[in-house]
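Letter by letter, the chains look like this.
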Amino acid sequence: MEHWKRTIERANHCFMLGELIDAREAYLQALALAQVLFERWADADEAVAACVVSHHNLADLHLRLNQPEESAEYLCAIHQRLLQTMQDERLRPALREAALRQSSKTYVELLNFISEHGEYPRTQRLLHPDTGNARRASNPHQYGVH
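None of these values were measured; they are calculated from a predicted model. (Residues numbered from 1 in each chain as written. Predicted model: local features only at pLDDT ≥ 70, side-chain atom pairs only at ≥ 80, totals over all residues. Heavy atoms only, no water.)

## Looking at helix H2 (residues 20–37)
Logical step 1: Its 18 residues place the ends of H2 25 Å apart at the C-alpha level, agreeing with the 26 Å of an ideal helix rising 1.5 Å per residue.
Logical step 2: Of all the residues in H2, the buried ones are Leu 20, Ala 23, Ala 26, Tyr 27, Ala 30, Leu 31 and Ala 34. Seen end-on, H2 carries its buried residues on one side only, within an arc spanning 145 degrees. Opposite the buried face of H2, at more than 90 degrees from it, the exposed residues are Ile 21 and Val 36.
Logical step 3: Taken together, the buried residues of H2 touch helix H1 (2–17), helix H3 (44–64) and helix H4 (68–87). (Helix = DSSP H or I, 4+ residues; strand = E, 2+ residues; numbered from the N terminus. Expected span 1.5 Å × (residues − 1). Buried < 20%, exposed > 50% of the residue type's maximum accessible area, 1.4 Å probe, protein only. Arc of directions from axis to C-beta. Contact = heavy atoms within 4.5 Å.)

Structure below.
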């Protein structure tokens, strides 16, 4: 956890200084640490929070870079990860419960993003999964089925 915290702090420092490429690299390192240690962290709430913070910081960075679709990808990725964690019975209950608690935060972040920046393909697929299935059913060849 300490290594992740130091990495996030370094990334945040770069972000505040406007050194966005360095910030992105550090945020990606923090995300990689959070993902690798996700199921291994002793404190489930810290594990989930580290993943959420890493994704949300990358989303903020991409907004600063005027790349809202990349931002949407990170917001959707963490929300989807938490939804999957909640349903994965192989994972320890504490981790699943922590994912449930944090999922409301990731959902609100997604809704706030959409209200400000509009929907993107990934947000539509995540939040409106039935819409895509209806389109595919009405035109099965739409996606290149031969």
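## Side note on unusual backbone geometry
Logical step 1: Phi is positive for Asn 66, which is not a glycine, with a value near 60 degrees.
Logical step 2: Structurally, Asn 66 is set in the loop between H3 and H4.
Logical step 3: For Asn 66, a relative accessible area of 64% corresponds to the exposed category.

## So, the packing of aromatic side chains
Logical step 1: Tallied over the full model, the rule gives three aromatic pairs.
Logical step 2: For the ring pair Phe 113 and Tyr 120, a centre distance of 6.0 Å and an interplane angle of 45 degrees mean the geometry is tilted.
Logical step 3: Look at Phe 113 and you get buried, because its relative accessible area is 4%.
Logical step 4: With a relative accessible area of 18%, Tyr 120 lands in the buried category.
Logical step 5: We note Arg 64 situated over the ring of Phe 15; from NZ or CZ to the ring centre the distance is 4.3 Å.
Logical step 6: Seen from the ring of Phe 38, Arg 81 lies directly overhead, with NZ or CZ sitting 4.1 Å from the centre. (Phe/Tyr/Trp six-rings, centres within 6.5 Å; stacked < 30°, edge-to-face > 60°. Lys NZ or Arg CZ within 6 Å of the ring centre and 35° of its normal.)

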